[in-house]
Amino acid sequence: MGILEARGITKRFGGLTAVNELSFAVDKGEIFGIIGPNGSGKTTVFNMISRFFPITAGEIYFNDRRIDALPAHEICKIGIGRTFQVVKPLRRMTVQENVMAGAFLRTRNISKARRKAKEIINFCNLDDYRSRAAMGLPIPLRKRLEIARALATEPVLLLLDETCAGLNPKESEAAIDLIRRIRDTGVTIIIIEHIMKVMMGISDRILAINFGKEIAMGKPQEVANHPEVIKAYLGEAYA
Amino acid sequence: MLNKNTLMTIVFALVAVALPVIIKAPYQQHILILVIIWATIGTAWNLLSGYAGQVSFGHAAFFGVGAYSAGLLTLHYGLSPWWGLALGPVMAMLIALPIGAIAFRLRGPYFALATLALGEIFRLMFLNMTGFTNGAKGILIMPAITSKIAYYYIGLGILAATLLVTYLIVHSKIGYYLVSIREDQDAATSLGIPTTFYKNLALLPSALFTGLAGAFYMNYVTFIDPDIVFNLTDISIMVILVVMLGGVATTWGPTIGAALYIIMGELFRTTLGSANVLVFGVLVCLIIMFLPNGIAGELDIIKRITQRKKAGLSGGV
């Protein structure tokens, strides 16, 4: 039994079925990738796990506890952190204050939160920007700030939504390095990514979805060579 | 930094305590008391709307309920209106709970519109429940105290309590959470912040102190009617202008804004006659254009810029 298990989860927006009876289990300590073409339902899966909207059908278990009826803010409390594909920095707060806002989940003491934030800012190599307002940061740093803020809540499972999108190769290498280091601290990671190179490099297992349904699942190489995946990404002719 | 702030606070406090001794004319003292009332409402509004970002266009509801709590105690039960200082804040908080339950379902402009409607609902209710509230005839009470100095110091105590409680809230974990909710509610939720709960934590003290200011107003002015204390422009919108002028989400902004607003308002009224509203309007436009963060807000930014320069230099070396 994995740390997170989804059983037949379905999300319908009116007539559109964004995620359709999807099941998967994530093992403790792994980096679990989810890939799929645009609009295939990847982010919807994250929003279902983090309870940003109610799921239509199915069940989600975290450490054997059913979590699909918890309020959204409880999800973070039980140890599931997330980042957003379109970054949501607390714009007029500094980097330090952003991370502190996350750290306050586990403490009410300001100096403790500040210490924790300092640690995490250091871990994420954001020291030089600590007193900068989040709104003034360029995209790569904002993406890193998203991760830092989520880390401050001390997650057991971290959901990363397109952390490398829009980054140049050097920046995305730094991001991959950070993700690996997070995994090495014992945090399980589910990552959504478009860039296949990134996914192939860091994922232990990959789930490929299209139109909200699983099309392939397994080791990165197997998934990348799976005819359904090639068809979904490149079209019939290449399959 | 801390020392400078403490020093500023002490200087402010000393000046505030000494003012009525220096300024003896009743008219000027009256202006000072109005400044205190507005500073209190402004500081209370600032907690909910400035820090937590839930812009309320309906604070007249809390102010009016506070004022009527004091007035109705006298009207119906013959009690001293000073009991209103105890009942007013409680009643304001009691009506804040359902208002929050309704309005916090909405975000941004929709929240503002809902509060605007709720404020008006209270005005119309108090106008029309003539048996209970005296309707448009209003409530007139006989003041027990006539010395302006006494009112000044009572008001000052209320303002000091409002400033202190707001300061403590803002500089705690709650304050960080409120600002997080203002900056991005979804991000706040993703950090495990129960947003509705914390919005209520901002709303309740905000209503409490606005209600307290209302009850104090009844005692001081001795006459209220629904069109005065539930007034949309003269209370709900005015408090927004006061805080915008002084500085949204700053400790001293509402007080500075109240002082400038009331004093300028009186100056324009006495010198410009009925053109004062026009001049006021132009002034508000100018402030929004050139001091979008208010007076205290711009001071903070100037301070931050100079600090950053210093930090940048030492970092470069």
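For the structure itself, look to the data block above.
Asker: In this structure, what is going on with the overall build of chain A? I would like to understand it.
Answerer: Scanning chain A from terminus to terminus reveals nine helices and 10 strands. Against the 2.2 N^0.38 benchmark of 18 Å for 239 residues, chain A shows a C-alpha radius of gyration of 18 Å, consistent with a compact globule. Its C-alpha atoms give chain A principal-axis dimensions of about 55 × 40 × 35 Å. Across chain A, the fraction of contacts at a sequence separation of at least 24, relative to all contacts at a separation of at least 6, is 64%.

Asker: Quick question: what am I supposed to make of the sheet that holds strand S5 (residues 65–66) of chain A here?
Answerer: Within a sheet, each strand pairs with its neighbour through backbone hydrogen bonds, oriented either parallel or antiparallel. Residue and element names in this part refer to chain A. Ordered by their spatial adjacency, four strands build an open sheet running S2-S1-S4-S5, and the pairing between neighbours is antiparallel. Two strands lie at the open edges of the sheet, namely strand S2 (16–26) and S5, each paired on one side alone. With two bridges joining them, strand S4 (residues 57–62) and S5 adopt antiparallel strand pairing. Each residue of the ladder has a partner; that of Phe62, found in S5, is Arg65. Along the sheet face, helix H1 (residues 42–49) touches strand S1 (4–13), S2 and S4 and points at about 70° away from the line of S2.

Asker: For this particular structure, what's the right way to read the environment of B:Leu299?
Answerer: Residues and elements named next belong to chain B. By the secondary structure assignment, Leu299 is in helix H15 (residues 294–316). Judged by C-beta crowding, with 16 C-beta atoms within 10 Å, Leu299 ranks as partly exposed. Sequence separation between Leu299 and Ala187 is 112 residues; the distance between their C-alpha atoms is 29 Å.

Asker: Could you clarify how one ought to interpret the interface of chain B and chain A in this entry?
Answerer: By a widespread convention, an interface's size corresponds to the accessible area lost as its parts come together. At the interface, 16 residues of chain B touch 22 residues of chain A. When contributions to the side of chain B that touches chain A are tallied by element, the ones reaching two or more residues are helix H8 (173–183) and helix H9 (185–190) of chain B. In terms of residue count, the dominant contributor to the side of chain B that touches chain A is H8(B) (six residues). Residue composition of the side of chain B that touches chain A, by class: eight nonpolar, four polar and four charged.

Asker: Quick question: what am I supposed to make of the pairing of strand S3 (residues 31–35) of chain A here?
Answerer: The side chains of a regular strand alternate between both faces of the sheet. All names here are of chain A. Burial runs high along S3: five of the five residues are buried. Residues Ile31, Gly33 and Ile35 line one face of S3 and the alternating positions Phe32 and Ile34 line the opposite face, and both faces are buried. As defined by bridge partners, S3 adjoins strand S8 (residues 188–192) across four bridges and the pair is classed as parallel. The residue bridging Gly33 from the neighbouring strand is Ile191, located in S8. In terms of strand pairing, S3 meets strand S9 (residues 205–210) through four bridges, oriented parallel. Residue pairing for S9: Gly33 is matched across the bridge by Ile206.

Asker: It is not clear to me how the nonpolar core should be interpreted in this structure. Could you clarify?
Answerer: Generally speaking, a soluble globular protein has its nonpolar side chains buried in company with each other. By size, the foremost hydrophobic cluster in this structure holds 158 residues, and its most contacted members are A:Ala148, A:Ile189 and B:Trp38. In terms of residues, this core owes the most to one element, helix H2 (residues 26–51) of chain B, which gives 14 residues. With sequence-adjacent residues up to four places away left out, A:Ile189 is seen in contact with A:Ile31, A:Phe32, A:Leu158, A:Leu160, A:Ile179, A:Ile182 and A:Arg183.

Asker: For this particular structure, what's the right way to read the packing of H2(B) against helix H10 (residues 195–221) of chain B?
Answerer: Each pair of packed helices gets described by two things: the angle between the helix axes and the distance between those axes. Residue and element names in this part refer to chain B. Orientation of H2 relative to H10, taken along the N-to-C sense of each, is 165°, at an axis distance of 8 Å. With respect to H10, the element H2 is oriented roughly antiparallel. In terms of crossing hand, the pair formed by H2 and H10 is left-handed. Across the interface between the two elements, Ile33, Ile37, Thr40, Ile41, Thr43, Ala44, Trp45, Leu47, Leu48 and Tyr51 of H2 pack against Ala202, Leu203, Pro205, Ser206, Phe209, Thr210, Ala213, Phe216, Tyr217 and Tyr220 of H10.

Asker: Before we go on, may I ask you to explain unusual backbone geometry in this structure?
Answerer: What you tend to see is this: most non-glycine residues have negative phi, and most peptide bonds are trans. All names here are of chain B. Phi at Thr222 takes a positive value of approximately 70°, unusual for a residue other than glycine. Considering the arrangement of structural elements, one finds Thr222 in the loop between H10 and strand S2 (223–224). Positive phi values are uncommon outside glycine, yet Ala249 reaches one of about 60°. When you line up the elements, Ala249 lands in the loop between helix H12 (232–246) and helix H13 (253–272). Judged by C-beta crowding, with 24 C-beta atoms within 10 Å, Ala249 ranks as buried.

Rules used throughout
Residues numbered from 1 in each chain as written. Chains lettered and ligands numbered in written order. Predicted model: local features only at pLDDT ≥ 70, side-chain atom pairs only at ≥ 80, totals over all residues. Helix = DSSP H or I, 4+ residues; strand = E, 2+ residues; numbered from the N terminus. Rg over C-alpha atoms; globule rule 2.2 N^0.38 Å. Contact = placed C-beta atoms within 7 Å. Pairing = 2+ DSSP bridges. Axes fitted to C-alpha atoms, helices over the stretch in contact; angles between N-to-C directions. Buried ≥ 20, exposed ≤ 12 C-beta atoms within 10 Å, placed from the backbone. Nonpolar A, V, L, I, M, F, W, Y, C, P; charged D, E, K, R; others polar. Core = buried A, V, L, I, M, F, W, Y, C linked by C-beta atoms within 7 Å. Parallel < 35°, antiparallel > 145°, perpendicular 65-115°, else oblique. Left-handed = near helix turned anticlockwise from the far one by under 90°.

No statement about biological role is implied by the geometric values presented.
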